[in-house]
Each structure stands twice: as C-alpha cells, then as structure tokens.
Amino acid sequence: MRDSAQGDRAEDRLPRGRSKRFRPRDARAILRPVFTDIPLFCSRKNFAALLVVLVVGLPALAVARPPARDEAPQYEALPLMRSSQNHLLVRAEINGKPAILLVDTGAPLSAVAIDRATHFGMNPVSAKSKIPSRLNINGAFNAMSIARGLRLGALNLVDEAMVLIDFSYLRQSSGNGGDHERESDGILGTDILSPLMAVLDYDRMLLVLKIDPRVSGTVPGFNFRGHRRVRMRESEGYNLYVDGSVNGTKARLMVDTGAFATLLHSQFVLRMKIPLRQTQFKSVGVNLAQSRVRLANITRFSVGSLDMQSHRVGVINLERLIHGGLLDASPPVAGLLGSEMLARYHAIIDFGTKSLYLKQ
C-alpha cells in the first residue's frame, strides 16, 4: 500500500514519500487508527546504526549504552494483555512514565494520545523542526512530537518520532454512570515493530523484539508445529498483506492486529453479490466519522493454504483507509485480517521472516 502522506513544515508540503474475541461493551466496534499518507524518508532496509532512522534529520534510534556484544541480551520478551475491544496491549515507558500501548500491525507510525501528551512531556514540534510539524491523517492534520525515551522492557529507544492523535474513541464504558475508562495511551506501530524484527504470538500473548537487528538468525523459542506458513508482503507504506480467497475469488488481506475483527470492503462484497445483514455496531477511526458495520456470511474463506471454512465477517467501506488503487488491483485488497480471526487461528506474526503462521 503506498502511503503518500502529506506533512507540513511552515505550511509547506513535503514531497510525497514512502510512504478480538469480539465482545464490545457497547454498540460501537473499534476500527484501528488507520494512518494514511505518512512520509517516511529513510528505508528501513538500510541499517546504518542499530535501529532505523525514522525521518530525515532525526537521530537514529539506538539502544541506550549497549554493552559488549558477548554480554548483551539479543531479545526482549514482553507479555501482552487483551483489552475488552480485543486489542493487544503492551506495557512501556514514555519519557520515564509508565504507559500502555496498543500493538497495531496496521499502523505505520507510532502514536501518543493527545490528551496524554502533557503527562508524558511530549510537546508538538515547532515548524522549524527537522521533521514535519504536522501530518495529514485521514484528511485532517495531526501534530508531531518526539519521545526522548521510549522503553520497552530493557530496550530503550531514543528520539522517537510519534504523532499526537485523539484517542477518545478508544475509551470504553466502565458501566459507572456513563464514565469511560482509558484503554491505551498510544500505539506501537510498524515503524518500531518491523526494524526490531518483532514476533507476536497470540497463544502465548507474547511480543518478542530483537534488540540488535544485526544479529543473524530467527527468534528462538517458538514452536511452529501444526502451523501453516503464509508469506506476508510488506508494502511501501509498511503494511503487511497476505494472499487468500473469499468464496473462491482471489484477494489480499491486510494483517491488522489493531482491527477488532476481520472486515471486508463493502464494494468487494457487493460485487460478489453476497447478502448483507444490518447490525447495531459501528466502526470508528482516527479523524473518521462513525460508519455502520454490516455482516456477511462467507461460505469459503482461506488465507494462504489454510481453509477457514464458513465465517461471519464485518463489512464496511474501506475507501478512506486503503489507498493507491489496491482495492481495485488484481487481486484486490478485500479487507483487514483482524484480531478476532488471528486469535482463533493461533497466529504468530514474524516481522523478521515476513511470515504469518496459522493453524486450525
């Protein structure tokens, strides 16, 4: 997916660059915060330091004071938590303060909730900054900030660019007079997961990060027995796609841990003349209005060589979320492979080998 984002510095646009079991507490389902058109000016495939440079002029990420190689741990394993909206959450620290981040393989840039920015000491960067001061996300501008330190277990990332976004729609009803509790303080996106060659295990509820990407080999300690390996394709916008089919028609799906459930594009479903049923649920996203979720019964659904049999999936219009002509490509991107189905089929997502492992 080509994310051809617009950032601006002193009002000048930058050139285009590279861009859960489902049990909601109320009648509003949560669609992941989708980032479109985000400029990433440095390829993650060229490592000049331990970690990748996020944007031009931004210092490279690095592990703070790395010890000698023969003494340094090579991996960091972090336990995951599952939210009421079927999101995967991980504990972190932002500028020395505890934080909860939503692990989102569908978000190419990490983020912090704008109403938590002051708490974490994250001020918007000025127009004179070497990074864009604002980014256009789904048609509206959001300010950029820099975390002096982002700690994930023993791993400390420095000068981490993060976008400030409104997370109010991720707050869930607590059942106490309409009050709402906070689900997360921000998002851990693929700008961090990919260069750290993360492995995400739904069964073990574990996120493993490779501290030094120069260390060769796969992450040890994972049992893939009984799993089917499905190759993931990484787009220029750092989204991950897998091949599959819907009722016998070839299609691609974005692997999206931030989506509460698997969602198909409404126009794709209508072209296939699959009957739809109305529901009370709605989806929401960053800078997007709520949209009604409909249901479709898919009699034959497969990802890679794994036949998932019959499934009910959500159906929404994805035109604001998936760009670059991918919805009309051959094969088309038909939707999002969400957390509910990833959990049901014991998913292991391996960024290092670009593999999705699934089993019945």
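Remember, it's a predicted structure, so these values are computed and weren't measured experimentally.

### Description of the side chain of Glu183
Argument step 1. With respect to the helices and strands, Glu183 occurs in the loop between β11 (180–181) and β12 (186–188).
Argument step 2. Side-chain polar atoms of Glu183 contact the side chain of Ser83, separated by 2.7 Å.
Argument step 3. Of note is the side chain of Glu183, whose polar atom sits 2.9 Å from the side chain of His87.

### Some words on the packing of aromatic side chains
Argument step 1. What the rule picks out here adds up to 2 aromatic pairs.
Argument step 2. Clustering of aromatic rings is evident, with ring pairs tying together Phe222, Phe224 and Tyr357.
Argument step 3. Across from the ring centre of Phe141, 4.1 Å away, lies the NZ or CZ of Arg134, which sits over that ring.
Argument step 4. Positioned above the aromatic ring of Phe222, the side-chain terminus of Arg204 is 5.1 Å from the ring centre.

### Examining the environment of Leu89
Argument step 1. Among the secondary structure elements, Leu89 is positioned in strand β4 (residues 88–94).
Argument step 2. Taking relative accessible area as the criterion, Leu89 reaches 8% and is therefore assigned buried.
Argument step 3. Sequence separation between Leu89 and Asp185 is 96 residues; the distance between their C-alpha atoms is 9.9 Å.
Argument step 4. Apart from residues lying up to four places away in sequence, Leu89 is in contact with Pro79, Leu80, Met81, Ser83, Ile100, Leu101, Leu102, Glu183 and Ser184.

### Some thoughts on the pairing of strand β24 (residues 311–316)
Argument step 1. Here β24 lies mainly inside the structure; 5 of its 6 residues are buried.
Argument step 2. Pairing geometry for strand β19 (residues 263–265) and β24, over 3 bridges, is parallel. Residue pairing for β24: Leu263 is matched across the bridge by Gly314.

### Concerning the pattern of salt bridges
In a structure, side chains of opposite charge can pair up when their charged atoms sit close to one another.
Argument step 1. Summed over the entire model, instances satisfying the criterion amount to 5 salt bridges.
Argument step 2. A salt bridge links Asp185 to Arg116; the shortest N-O distance between them is 2.9 Å. Within this pair, whereas Asp185 is found in the loop between β11 and β12, its partner Arg116 is found in the loop between β6 (111–113) and β7 (134–137), the two being separated by 69 residues in sequence.
Argument step 3. Exposure remark for Asp185: the relative accessible area of 6% places this residue in the buried category.
Argument step 4. The exposure class assigned to Arg116 is partly exposed, which follows from its relative accessible area of 21%.
Argument step 5. As a salt-bridge pair, Asp243 and Arg252 come within 2.7 Å of each other at their nearest N and O atoms.
Argument step 6. Assessed through its relative accessible area of 26%, Arg252 is described here as partly exposed.
Argument step 7. The network of salt bridges with common partners includes Arg233, Asp243 and Arg252.

### Quick look at the side chain of Asp350
Argument step 1. Here Asp350 is to be found in strand β26 (residues 348–350).
Argument step 2. Nearest to the buried, unbridged Asp350 among oppositely charged side chains is Arg229, at 7.6 Å.
Argument step 3. Ignoring any residue separated from it by four or fewer positions in sequence, one finds Asp350 in contact with Ala198, Val199, Met232, Ser355 and Tyr357.

### Things to note about the nonpolar core
Argument step 1. Among the nonpolar cores identified, the biggest contains 62 residues, and Leu207, Val303 and Leu356 are the most heavily contacted of them.
Argument step 2. If we ignore the near neighbours within four places in the chain, the residues touching Leu356 are Arg228, Arg229, Val230, Met232, Val242, Val255, Val303, Leu337, Leu342, Ala347, Ile348 and Ile349.

### Let's talk about the confidence of the model for the chain
Any residue range with low pLDDT should be treated as having predicted coordinates unsuitable for detailed reading.
Argument step 1. Mean pLDDT for the chain: 78, with 74% of residues reaching 70 or above.
Argument step 2. Element-level mean pLDDT values for the chain span from 34 in strand β2 (residues 12–13) up to 98 in β4.
Argument step 3. A low-confidence stretch, residues 1–69 stays under pLDDT 50, and its non-local contacts, those more than four residues away or across chains, total 247 contacts.
Argument step 4. The low-confidence segment residues 172–178, where pLDDT is below 50, has 16 contacts with residues more than four positions distant or belonging to other chains.

### Focus: the environment of Tyr241
Argument step 1. Along the chain, Tyr241 turns up in strand β17 (residues 240–246).
Argument step 2. Once the C-alpha coordinates of Tyr241 and Leu253 are considered, the two residues, 12 residues apart in sequence, prove to be 5.4 Å apart.

### Considerations on unusual backbone geometry
Argument step 1. Pro331 follows Ser330 through a cis peptide bond whose omega is -5 degrees.
Argument step 2. Although it is not a glycine, Met205 adopts a positive phi angle of roughly 50 degrees.
Argument step 3. Positionally, Met205 belongs in the loop between β13 (199–201) and β14 (206–210).
Argument step 4. Non-glycine residue His346 carries a positive phi angle of around 55 degrees.
Argument step 5. Following the sequence through the fold, His346 ends up in the loop between α3 (339–344) and β26.

Basis of the calculations
- Residues numbered from 1 in each chain as written.
- Predicted model: local features only at pLDDT ≥ 70, side-chain atom pairs only at ≥ 80, totals over all residues.
- Heavy atoms only, no water.
- Helix = DSSP H or I, 4+ residues; strand = E, 2+ residues; numbered from the N terminus.
- Polar contact = N/O pair within 3.5 Å; in protein donor to acceptor, adjacent residues only side chain to side chain.
- Phe/Tyr/Trp six-rings, centres within 6.5 Å; stacked < 30°, edge-to-face > 60°.
- Lys NZ or Arg CZ within 6 Å of the ring centre and 35° of its normal.
- Buried < 20%, exposed > 50% of the residue type's maximum accessible area, 1.4 Å probe, protein only.
- Contact = heavy atoms within 4.5 Å.
- Pairing = 2+ DSSP bridges.
- Salt bridge = Lys/Arg side-chain N within 4 Å of Asp/Glu carboxyl O.
- Lys, Arg positive; Asp, Glu negative; His and termini not counted.
- Core = buried A, V, L, I, M, F, W, Y, C linked by side-chain atoms within 4.5 Å.
- pLDDT = per-residue confidence, 0-100.

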